[in-house]
Amino acid sequence: MPFRSLTDIQAQLHAGETTAVQVAQLYLDRIAQYNDDLNAFVHIDPENVLAQAEASDAYRKEHDARPLEGLPIAVKDIFCTQNGPTRCCSNILEDFEAPYDAHVITRLKEAGAVLVGKTNMDEFAMGSSNETSAFGGVQNPWNTDCIPGGSSGGSAAAVAAGLTPAALGTDTGGSIRQPAALTGLVGLKPTYGRVSRRGIIAFASSLDQAGPMTRTVKDTAMLTSVMIGHDAGDATSVADAPNFDWLKACEGRDMKGLKIGKPKEYFIDGMDKEVRAQVEAALTQCEALGAEIVDISLPHTEYAVAAYYVIAPSEASTNLSRYDAVRFGHRCDNPEDLEDMYARSRDEGFGAEVKRRILTGTFALSSGYYDAYYLKAQKVRTLISQDFKEAFEQVDIIATPTSPVPAFKSGEKTDDPITMYLSDIFTIAVNLAGLPALSQPCGFSQDLPVGLQWIAPAWQEDTILAAASAYENATDWHTKSPVKFGGEA
Amino acid sequence: MSWEVVIGLEVHCQINTKTKAFCGCSTEFGAEPNSQTCPVCLGMPGQLPVLNDVAAKKTILTGLAINADINLESKFDRKNYFYPDLPKGYQISQFAVPIVEGGYIDIPTKDGEKRLGVTRIHMEEDAGKSMHEGLDAVSHIDLNRSGIPLMEIVSEPDMRSADEAIAYLKQLHQIIKFLGVSGADMEKGQFRCDANVSVRQKGAPLGTRTEMKNMNSFRFIKQAIEFEVLRQIEIIEDGGEVKQESRLWDSVKNESRSMRSKEEAHDYRYFPEPDLPPLRVTQEEVDAIKAGMPELPNQLRKRFETEFGLSAYDADVLTQTQSLAQWYEALVASHPANPKQCANWLANELLGRLKELNKDISESPISAQALASLLDRIADNTISGKIAKDVLDAMMASGKNVDAIIDEKGLKQVSDTGAIDAMIQEVLDANQGQVEAYKGGQDRLFGFFVGQVMKASKGKANPAMVNQRLKELLG
């Protein structure tokens, strides 16, 4: 049961073989049993979870089941929720309780989902290993000496260890896909503008996008189809976004006629050899399923990380100005004056990585430096989008490794921000271009999961879902689960 | 030495929308502190701005009224600074590409009309209000104003005196009122002005400017500019240098003081607001806004002069506000025979009385039609102009119509020759001595007889007839 997909649990609920309360209880028990080993959840309110499940069972008796009726979903601590704290895993939001639900949370509730709790994450989603969380790091269920990836590390570990069948994450530079890859899950970053950002605590507004982390491609499609849709309360949410039947898109069983681009910039020296071998083996399998592999180039890839680490901190530096100790959040004791209140409250409230990015962003936007940094980075961003546009004139979809390395040891890179930033080298360009991308498991390196990333043109998640479903159907990587938590490797 | 003054003005004008610029909160003035706020204008985590279209449309209308270009694509930027009444830590504004660029306003000067350039109008949101007075060791913040839409109207440095600056501001204020895009109530801070002032020798390059911040009365603005000009000239003539700085006008002490030097100025770190896509409008939308534009003060003034034969002065008085101009046009429509007389009665008689009552034309107790019927009674000789003034008082006090008052008070003018002759004879009989003197050549006694007859008639005799009959009867 704990490692079953949402789709399977849904079938059992529909068949009356189990109830939402039984399902919720099973996962609550597992959280009670394993969360101390993983630190995946930072807030759990079992009574509230069971109350939601009971309400769902009652609803099912009276009405047709809603799309996510009774299905447990965990939520990254970056989504504002009316019940309980929303802290973005930062001390600056130590006592914060949002008086509103994020738009996505409202969608989930309306679809009958049971919200399981808040998952751990890098502070303000700034990190690639979940080690910047104010609530401590998260352990990778496949090897608890290793990090689960970040910033949605708590969501990844919770799903991978079977503490919830699915979770929500957010992806600014790879924060869904990289942890999904490092824990053997499916994770999708939808096209920018597909999912409302309202009520999701902003990191970098032009890059942030919420998405699901699940065990199967179909689960990802099912969850995304509930999350999406225009929201008049988010001006960057696109009103007339092209849409399709998300579950039907997962019926693909072969790849006949599909042209898959293999960009040379994503298969490079210095990446983990086994990761490369696994991803190349996956592409061979795709050929066997009928796809044509086309060597392509995305020539500006090497500048993506640099551009990202100017743009994202620039936006973050002003997005985080509202944490000023005036209206909510942490305030230092006995401030001498206004200046002292600002300085000490923010110094005490923010962790080192968040401060580093605020300083970087403030510098990049400063008068005299703006043109050299922010404006230049925006130009690079345009070139990167252009690269993808040209590539998609030749191919239908692009396949790459999600991460150059499998999960690394906790503490291994914390002293070296540049090396840490390179963890996202294969995921960042997608955010800069606003494209949809999905990671799915495609093998193991040193007994740790390896992720295969699919990238499609804007609004063509259906192309991704078809390819990923065909690959998933032909392989069994998605059925593996960590033995230590009762799974089958 | 001959000094030239150079002035540029920045006007912050509250756009009168029902709801705030980026959220649904009310913009009503004077509510309980912080009662008109929501997670968006409180800057809470995850909250996003959505532009109020009405604010954009009103800014476009203002741009069209000052002959400016409308940018079909404009952009929002963040202006970053920390202050407790700025909840997000940044103000959403337009920096790189404002919605309106390049207009002008014509002002009257003694050398004829002068054209003053308007650089740009951009939209932005207001901050809240900090309150320090009467509080010990704490400040209070009211965020009702946070997120109220403003337009900032930036002029070219085209003004050469405080009087020109005031003429520009009054003209702009009037246009804005006519357009109905702002209450522009200066006491409520809905129309506030920063003035950039410098002095130079005629023909020399621009001098160092100082900025006088946040003034909300024409009188203070004039005083502040004049003070600043003298201050700068004195510094330079004493061999000193003007420092670039922001200054605050103290209207109690009638002087300004330094607020912030150039070195202390903020680096606002402007950059494109990622939460808002560029604001796009179509030429068709702009044309539709233009089609709905009311007649502007300048156009009205010129039309009143040509169509109704008014003097420039009267035309100016009657176009001060849209409601006054409309009132005048309604009056002329009901009494078309004499537009000039309409202007006199409205401007001198009615407005004078309203002023004593501390009322606006829109609060007048009598309608334009009622005043027209009074003028009709003068025209048809029912009453004299002098009696009409008393009738007007009675109409305003009682709200009764003109004929009822004339009947009630027996004010109907006497135009009957027999009755007038009888009154004249009575006066002449009673003043034999003056009659003799008049006949002996003292012509100016004629006025005395007119006065005596009018007095005898209690003002009701038709003055023209009295004149005519007197001449005849005195031979």
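No experiment lies behind these values; they were computed from the predicted model shown. Within each chain, residue numbers correspond to sequence positions counted from 1 in written order. Going through the entries in the order they are written, you letter the chains from A and number the ligands from 1. Predicted model: local features are reported for residues with pLDDT of at least 70 only, side-chain atom pairs are reported and counted for 80 or more only, and whole-chain, interface and lining totals are derived from all residues. Side-chain numbers here rest on the full set of heavy atoms in the structure, without hydrogens or water.

(A) Region of interest: the nonpolar core. Counting 118 residues, the largest nonpolar core has A:L108, A:F124, A:M255, A:F388 and A:W454 as the members making the most contacts within it. Each helix is a run of DSSP H or I of at least 4 residues and each strand a run of E of at least 2, with the numbering of both proceeding from the N terminus. Counting residues per element, this core draws most heavily on helix α9 (residues 304–319) of chain A, at 9 residues. The contact rule is simple, with two residues in contact once any of their heavy atoms fall within 4.5 Å. Excluding anything up to four places from it in sequence, A:F388 contacts A:Y266, A:L298, A:I398, A:A429, A:V430, A:A433, A:L435 and A:I455. In this description, a nonpolar core means a group of buried Ala, Val, Leu, Ile, Met, Phe, Trp, Tyr and Cys residues linked to one another through side-chain atoms lying within 4.5 Å. Partly exposed describes any residue whose relative accessible area lies between the buried limit of under 20% and the exposed limit of over 50%, with all areas from a 1.4 Å probe on protein chains only and scaled to the type maximum. B:V11, B:I15, B:A56 and B:L276 belong to the second-largest nonpolar core, a separate cluster that totals 65 residues.

(B) The packing of helix α5 (residues 297–308) of chain B against helix α7 (residues 322–334) of chain B, seen in detail. Residue and element names in this part refer to chain B. Closest axis-to-axis distance for the α5/α7 pair is 12 Å, and the angle between their directions is 20 degrees. Comparing their axes, α7 and α5 come out roughly parallel. Here α5 and α7 pass one another in a crossing that is left-handed. Every residue of α7 that contacts α5 at L300, R303, F304 and F308 is listed here: A325, Y328, E329 and V332. Each residue belonging to the contact of α5 with α7 can be placed in one class, and the counts come to 6 nonpolar, no polar and 2 charged. Between N-to-C directions, angles span 0 to 180 degrees; the directions come from axes that are lines fitted to C-alpha atoms, helices contributing only their stretch in contact. Should an angle fall under 35 degrees it is taken as roughly parallel, and over 145 as roughly antiparallel, whereas 65 to 115 is taken as roughly perpendicular and any remaining angle as oblique. What makes a crossing left-handed is the near helix being turned counterclockwise from the far one by less than a right angle; a clockwise turn instead makes it right-handed. Each residue is assigned to one class: nonpolar for Ala, Val, Leu, Ile, Met, Phe, Trp, Tyr, Cys and Pro, charged for Asp, Glu, Lys and Arg, and polar for all the others, Gly among them.

(C) Layout of the sheet that holds strand β14 (residues 255–261) of chain B. At least two bridges found by DSSP between two strands is the condition for calling them paired. An order of β2-β6-β7-β10-β1-β11-β12-β13-β14 (chain B) is seen for the 9 strands of this open sheet, with the pairing classed as mixed. Edge positions in the open sheet fall to β2 (69–70) and β14 of chain B, since each of these has one partner strand only.

(D) Molecular detail of the interface of chain A and chain B. Contacts between the two partners involve 39 residues from chain A and, on the opposite side, 30 residues from chain B. We define a salt bridge as a contact between a side-chain nitrogen of Lys or Arg and a carboxyl oxygen of Asp or Glu at a distance within 4 Å. Across the chain A-chain B interface, the total number found is 1 salt bridge. Between B:D275 and A:R197 there is a salt bridge, and its shortest N-O distance comes to 3.0 Å. We define a polar contact as two N or O atoms separated by no more than 3.5 Å, with the added condition that, inside protein, one atom must be a possible hydrogen donor and the other a possible acceptor, whereas residues neighbouring each other in sequence contribute only through side-chain atom pairs. Our enumeration of links across chain A and chain B arrives at 15 residue pairs in polar contact (both at pLDDT 80 or more). Taken together, the elements giving at least two residues each to the side of chain A that touches chain B come down to α9, α10 (338–349) and α11 (352–365) of chain A. If one sorts the elements of the side of chain A that touches chain B by residue count, α9(A) sits on top with 5 residues. Residues that form the side of chain A that touches chain B fall into these classes: 18 nonpolar, 13 polar and 8 charged.

(E) Region of interest: the packing of aromatic side chains. Residues and elements named next belong to chain A. The rule is short: rings of Phe, Tyr and Trp, with Trp giving its six-membered ring, pair when the centres are within 6.5 Å, and they are stacked under 30 degrees, edge-to-face over 60, tilted in between. According to the stated counting rule, one finds 30 aromatic pairs over all chains in the structure shown. Cluster of aromatic residues (ring-pair linked, three or more members): F96, F124, Y323, F328 and F350. Cation placement over rings: the criterion is NZ of Lys or CZ of Arg within 6 Å of the ring centroid and within 35° of the ring normal. The lysine or arginine in question, K262, covers the ring of F267, its NZ or CZ lying 4.8 Å from the ring centre.

(F) Representation of empty space enclosed by the protein within the structure. Buried and open spaces are told apart on a 1 Å grid over the protein atoms alone, a cavity being a set of points where a 1.4 Å probe fits but cannot get out and a pocket being an open set with protein on both sides within 12 Å along at least five of seven lines. Residues with an atom within 4 Å of a point are the lining residues. Grid points are joined across faces, edges and corners, and a volume is the space filled by probe spheres set on the points. Evaluated as defined, the whole model comprises 7 cavities of 30 Å³ or more. Considering only enclosed or pocket space, the largest cavity measures out at about 180 Å³ in volume. Considering the residues around the largest cavity, the lining is formed by 17 residues, among which A:N48, A:Q52, A:N83, A:L115 and A:G117 are closest to the centre. Broken down by secondary-structure element, the contributors of at least two residues to the lining of the largest cavity are α3 (46–62), α4 (103–110) and β3 (114–119) of chain A. Each residue belonging to the lining of the largest cavity can be placed in one class, and the counts come to 5 nonpolar, 8 polar and 4 charged. Reported here for the second largest cavity is a volume of approximately 110 Å³. Around the second largest cavity, the lining comprises 16 residues; the ones closest to its centre are B:F22, B:V40, B:C41, B:P49 and B:K88. Considering only residue class, the lining of the second largest cavity consists of 8 nonpolar, 3 polar and 5 charged.

(G) Seen up close, the pairing of strand β7 (residues 259–263) of chain A. All names here are of chain A. Within β7, 4 of the 5 residues are buried, which leaves it mostly tucked inside the rest of the structure. Every crossover in which the path from the first strand over the helix to the second runs clockwise, viewed with the strands pointing away from the viewer, is termed right-handed. Taken together, β7, helix α8 (residues 273–288) and strand β8 (residues 292–296) constitute a β-α-β crossover, and its handedness is right-handed. Two strands pair when backbone bridges link them, and β7 and strand β9 (residues 397–401) are joined in this way by 2 bridges, in the parallel orientation. Looking across to β9, one finds that G261 is bridged to I398.

(H) Quick look at the environment of B:Q174. Residue and element names in this part refer to chain B. Position of Q174 among the secondary structure elements: in helix α2 (residues 162–179). According to the relative accessible area criterion, Q174 is buried, its value standing at 7%. The sequence separation of Q174 and E273 amounts to 99 residues, and the corresponding C-alpha distance is 33 Å. Look past the residues within four positions of Q174 in its chain and what remains in contact with it is P297, R301, T319 and Q320.

(I) Representation of helix α10 (residues 385–398) of chain B in the model. Residue and element names in this part refer to chain B. Each residue after the first adds 1.5 Å to the expected span of a helix. Look at α10: 20 Å from first C-alpha to last across 14 residues, which is about the 20 Å you get at 1.5 Å a residue. Those residues of α10 lying buried are I387, A388, V391, L392, A394, M395 and M396. Along its buried surface, α10 packs onto α8 (339–356), α9 (368–379) and α11 (402–409). Looking one or two places after α10, you find G399, whose phi comes out positive at around 75 degrees.

(J) Spotlight on the sheet that holds strand β15 (residues 271–272) of chain B. Residues and elements named next belong to chain B. With respect to topology, 3 strands assemble into an open sheet ordered β5-β4-β15, the strand pairing being antiparallel. Of all strands in the sheet, those with a lone pairing partner are β5 (90–93) and β15, marking the two edges. Pairing analysis gives 2 bridges linking strand β4 (residues 77–80) to β15, with the strands arranged antiparallel. The residue of β15 that forms the bridge with D77 is P272.

(K) Up close: the layout of surface pockets. There is about 1,000 Å³ of room inside the second largest pocket. What lines the second largest pocket is a set of 39 residues, among which A:Y374, A:Q378, B:P272, B:E273 and B:P274 lie closest to the centre. Elements that contribute at least two residues to the lining of the second largest pocket include exactly α12 (371–394) and α14 (428–433) of chain A together with β15 of chain B. Of the residues forming the lining of the second largest pocket, the biggest block, 5 residues, is contributed by α12(A). Residues that form the lining of the second largest pocket fall into these classes: 21 nonpolar, 10 polar and 8 charged.

Coordinates in, geometry out; function isn't part of it.
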